[in-house]
Each structure stands twice: as structure tokens, then as C-alpha cells.
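Each chain is listed here by its residues.
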Amino acid sequence: MAVPVLTGLALGFGLASCGGAPPAPREYPRLEDESVEPAPETIAREPLRDAPLVVAQPSSDPVVTFRVAFEAGSASDPAGYEGVTRLAAELMAGGGAGALSYAELSRALYPMAGRISAHVERDMTVFVGQVHRDHADAFYALFRDVLLQPRMSEEDFGRVRDQQRDALVVSLRSADDEELGKQALQTLMYEGHPYAHPALGTEAALARVRVDDVRAQRARVFCAGRSIVGIAGDYPAPLAERLRSDISQLTSAQCVGRRVLPAPPDVERRRVLIVRKPEAQSVAVSMGFPIDVQRDDPDYPALVLVAAWLGQHRQFIGRLMQQIRGERGLNYGDYAYAEHFTQEGWSTFPLPNVARRQQHFSIWLRPLRPETAHFAIRLAIRELTQLVEGGMDQEALDRVRAFADRYYALFLQTSSRRLGFAMDDAYYGVDAAYLERLRESWRALTPETLNATMRRHLTPDRLQIACVASDAEQLAEALATDAESPITYRSEVSAAVLAEDRDIVAYPLQIPRDRIRIQPVDTLF
């Protein structure tokens, strides 16, 4: 099977073409098409490692957890085949393996109460298996086949691709405006970059992909030299070595290293992408900008504290939560993040193993009534600006540090989560454990060092803003003209809030119309 020729992504959209018709879809050669004239690889790639990285955490926990992460995600999708990496992972975890069909595999897992899942992000894919220690060996035989001998049949492919298309078209576009707004923000911040499209891919690409494309992508990216393997719990001692040895077999001539990422777009002024969705009942808002800080950066702990003070996820210690929900009742929640954040299930905690090579700072405002959206955007940007300009004093630092010192320990309350965070430490190449590293750095912070770090990396003028709204034109006009955004409340608010509102309603955002794009929802992804 021919190695595909990669020439770069085609997802970019120019804000300069604001209001124009979306470009016609490009045609791409099949990944496996032998008739395609081979061309020199034009993408710089990192070398593959010689062997998997291994993280073993034996404990008395009766639940044994296997995590096998690959440094491959949707940023690894070839141009024109957006979504193929996720299809490969889902087809492995949700199809037959070894001698078993998918139905037979499901029946084999049932009496063990075992489960196997996969999650794909921009730069990482992780397969997770969990089972009671009494069934660890039998379960591992099945987990191993999913990774090493997936059937990837045509029949399973059709089902998995239909599910992925429904997740994109029905769930994301039609039923989840909050996630749609977050993905729109990624597209805006990373225009023309491998991070621009969601892991689900695009509707056009999913229609184009065939099962051989998915098999080829698996062979290219789910390789030993891109893997981090982990095991935790009360597992039989030889199992850790078996896991390492088995994953080491994932080598072939088709394996390629990670592509070297281009720098994210260097945008110095605010821009807005409004996704026009006529049936939207509220306005979803996400905003942010790329930052050059990851977990291995000495500035990372300070930015974590800044984000916690401004908007710790689903916690009232955050200033945005206090002001927008607590004082004014405008929505359900308002949060800030120092790195990419994916909530784990229905918990309030971040999902591990969603690591990225490039990060961003972001703010998420949960859905707002349309008549309050402009005001809330102003309020959020004003809060961030005042924080950066005014800084945090000793009292504020002590308060948020005391909170974070205890709250972040909850991130590590299960064996599976501890293993996931330890694997992320291996991914970022840091020696000290996540929580210990944060706590040690937090203890050394002063208001002066914290504020200097914040000002090095957070620039409110660079905010990229993504909204999902029904009346997109009205919102665009209001933003572009900086028209006042008067606010009325359905319940009583304090005199102090009303006094502050008089400043907020006219707070200048300074986003001219030529930096605001409106895009119909059915043309996004």
C-alpha cells in the first residue's frame, strides 16, 4: 500500500474573505491509490523512539487499568482525510479483534465487567482497558488483540463511520452548541494549522474515507515508537513486561514519526467567528489565544493559578463564575483554562492523556440568552484585562493557592487518573510528578513573580472569539459598532452590580467588522 503524499491541510479559511461563499471542496487522491504519483515527503517529521515509554504503578487497587497512548491524533490526519485517525481508533476499540467478531468480543468482556475504550485528541490517542484483578490475564489477551490484531472489517467500518458522521453532523452541529463553540474556537485560533479541524473530522472527508485508508492510517501512526504504555493496580507482576513487549511489536515500514507542527497563526488583534445556527436558542461563547507554555515550562504553574482565580472549571472560586453567574445570573457557568481542557465524563476534572505540543489559554462562557451575550462578552474581557493590568495581590494569591493546593489533589483520586497524569508527565518529559511540581512552584510564588508571568503570556488584545448564535448578523453589528449592551435582570441584583454595569455596557471591544466572520453551521467541518 502506498504511503500517502501529504501536502498540508486544506481547512483554512481567510477572515479577509468575510461574507463570501465557502470555497469548493478540493479533490484528494485515495490514500491507498497506487496510481498516485509518489512525491517527496514535504512534511518535516520527528524521529520515532526505539521503544515504548513505560509507566508502571503497582498498588493494592483491585481494578487493573491499562492505558496505551500514542502520540497521534487528529493533527496526524492527512489533508483531505480529516477524521481518519479517530476512525482508526474507534474501529479498533469498537470492532472485532483476533479470532473474535465485535459481538463475540463484547460477549467475552461482559462476564468480566471489563471495558475497552479509545479517545482521540489533537496530538494523542489513548486506549484504556479496565477489569478486576481476578480477570486481568484473560482480559489482557482481548485488550492485546484490539491493539495488535484488530480486524478492521468492512462491516465494522461502515457502522463506525456512520456513528462518527452522526456524532459530527447530528450531535456536534445540531445538539451541542457549547462543544460546537469550542471547536469553532480551535478552527479560528489554529486557522491553516493541523489543530484546526476536530478529531471527528469533516463531513466531506468522512464521506471520502474507505476502510483501506483507515487501515493505512493505523499502520502509520499507532506505532511502538510513538507509544507510552501504562499499567496500574494489583496486576500480576509479569503483565507489565508483557504489555511493553507486545506494544513493541507495533513496528513496520509504514510507521512515521510525528509531523513537526508549524507555529500557530500570530494574530495580534481580536477576531470573531460567529457560527450562524438559526435554531440556536442561546449564544455559546468561547474565546482564547495560543500560548507558548506547556507543562514542562517553569511558567506553567503560575498560569494554572491565574486560570483558577479567573475561572476554575465549575467552581465558584473563579471570578468569572462569581460575576457572571453568581452576581448576575446570566448563565450556568464561566471558566478559564491555562491549557486545553476536556472534562472527564460527568466529573468536574480534566481528562488525562489529551496532551498537546502547542497550548492555548481560553475562556468558556456557557450558553447565554441572546440579549445578554454582548454584555457577557464585554464583562469577561474586562475581567481578564483588569486582572492582567492590575495584577493579583497577596490576599488573592494566598486564597487561590490554598484552594488549588487541596483541590488539585482530587485530580489524582483514582489509580486510572494517577496513571494517566504520570503518562502525561512522561509525554512532556518532566521528572517530578504533576501535583508535587505544581505545589512546589506555587509555594515559591509572590504577587510580583505571578503577575510578571501572567503579563508575559496573557494578552487580552489577542483574544479570538467564537460564538454560536441564531441572529449572527445582529451580534456582528453590535460587536463591530461597540454599541451599548444594556442589561436587565429577572431577579434583584445589588446596587454595586448595577453601578458596575454602567461601565460594562459601554466597555470598548474594538473589533471592526472586517475582523468578524459569519459562517453557516452546515459549512463548518
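Placed above this text is the structure.
Now for a look at the structure at hand. The residue numbering used here restarts from 1 in each chain and proceeds along that chain's sequence as written. Residue-level local features of this predicted model are given only where pLDDT is at least 70; pairs of side-chain atoms are given and counted only at 80 or more, and the full residue set underlies all totals for whole chains, interfaces and linings. Side-chain metrics in this entry use all non-hydrogen atoms of the structure; hydrogen atoms and water are not considered.

## Things to note about the sheet that holds strand S11 (residues 516-520)
In plain terms, the rule: The criterion for strand pairing is that DSSP finds at least two bridges linking the strands in question. Only DSSP runs of H or I reaching four residues or more are called helices, and only runs of E reaching two or more are called strands; each is numbered from the N terminus. Orientation is described by lines fitted to C-alpha atoms, with helices fitted over the stretch in contact, and by angles between N-to-C directions that extend from 0 to 180 degrees. What makes two residues a contact is simply this: any of their non-hydrogen atoms within 4.5 Å.
Pairing is mixed in the open sheet, where six strands are placed in the order S8-S9-S7-S10-S6-S11. Whereas interior strands pair on both sides, the edge strands pair on one side only; in this sheet they are strand S8 (334-337) and S11. Neighbour-to-neighbour, the strand axes of this sheet turn through a mean angle of 15°, independent of strand direction. Against the sheet, helix H11 (residues 370-390) engages strand S7 (283-291), strand S9 (359-368) and strand S10 (464-469), with an angle of about 145° to S9.

## A few points about the pairing of strand S5 (residues 227-233)
On any regular strand, side chains alternate: one points to one face of the sheet, the next to the other face. Short version of the rule: Type-normalised accessible area, obtained with a 1.4 Å probe on protein chains alone, sets the label of each residue: buried when under 20%, exposed when over 50%, and partly exposed for intermediate values.
Counting buried positions along S5 gives seven out of seven residues, so the element sits mostly inside the fold. Of the two faces of S5, the one carrying Ser227, Val229, Ile231 and Gly233 and the one carrying Ile228, Gly230 and Ala232 are both buried.

## So, the pairing of strand S4 (residues 125-132)
Counting buried residues along S4, seven of its eight residues qualify, which places the element largely inside the surrounding structure. Pairing geometry for strand S2 (residues 63-70) and S4, over eight bridges, is antiparallel. When the sheet's bridge partners are listed, Val64 is paired in S4 with Val131. The sheet contact formed by strand S3 (residues 115-120) and S4 spans six bridges and is antiparallel. Its bridge partner lying in S4, Arg115 is registered against Gln130. Here S3 folds back onto S4, and the loop between the two strands holds four residues.

## So, the packing of helix H3 (residues 136-148) against helix H8 (residues 238-247)
Applied cut-off: Roughly parallel means an angle under 35 degrees; roughly antiparallel, over 145; roughly perpendicular, 65 to 115; everything else is oblique. For a crossing to be left-handed, the near helix must be turned anticlockwise from the far one by less than a right angle; the clockwise case is right-handed. The residue classification treats Ala, Val, Leu, Ile, Met, Phe, Trp, Tyr, Cys and Pro as nonpolar and Asp, Glu, Lys and Arg as charged. All others, Gly included, are polar.
Where H3 meets H8, the axes come as close as 11 Å, and the angle between the chain directions of the two elements is 15°. Taken together, the axis directions place H3 and H8 in an arrangement best described as roughly parallel. Judged by the sense of rotation from one axis to the other, the crossing of H3 with H8 is right-handed. Facing H3, whose interface residues are Ala136, Asp137, Tyr140, Arg144, Leu147 and Leu148, H8 presents Leu239, Arg242, Leu243, Asp246 and Ile247. Of the residues belonging to the contact of H3 with H8, the class tally is seven nonpolar, no polar and four charged.

## A short note on the packing of aromatic side chains
Rule in force here: Note on ring pairs: Phe, Tyr and Trp rings are taken, using the six-membered ring of Trp, and paired if centres are within 6.5 Å. Classes follow the plane angle, with under 30 degrees stacked, over 60 edge-to-face and the rest tilted.
Evaluation of the coordinates by the stated rule reveals 21 aromatic pairs. Arranged with centres 5.8 Å apart and planes meeting at 75°, the rings of Tyr407 and Phe411 form a pair that is edge-to-face. Here Phe421 and Tyr434 contribute two aromatic rings whose centre-to-centre distance is 4.9 Å and whose plane-to-plane angle is 45°, an arrangement assigned as tilted. Note that Phe421 is positioned in helix H13 (residues 415-428) and Tyr434 in helix H14 (residues 434-444), a separation of 13 residues in sequence. In this pair, the class of Phe421 matches that of Tyr434, namely buried.

## So, the sheet that holds S2
Here five strands make up an open sheet; going across it, the order is S1-S5-S2-S4-S3 and the pairing mixed. Edge positions in the sheet fall to strand S1 (53-58) and S3, since each of these pairs with one other strand and no more. Taken over all neighbouring pairs, the strand axes of this sheet differ in orientation by 10° on average, direction set aside. Relative to S5, S1 runs parallel, the two being bridged by six bridges. When the bridges of S5 are listed, Val54 appears paired with Val229. Running over the sheet, H3 touches S2, S3 and S4 and is turned about 160° from S4.

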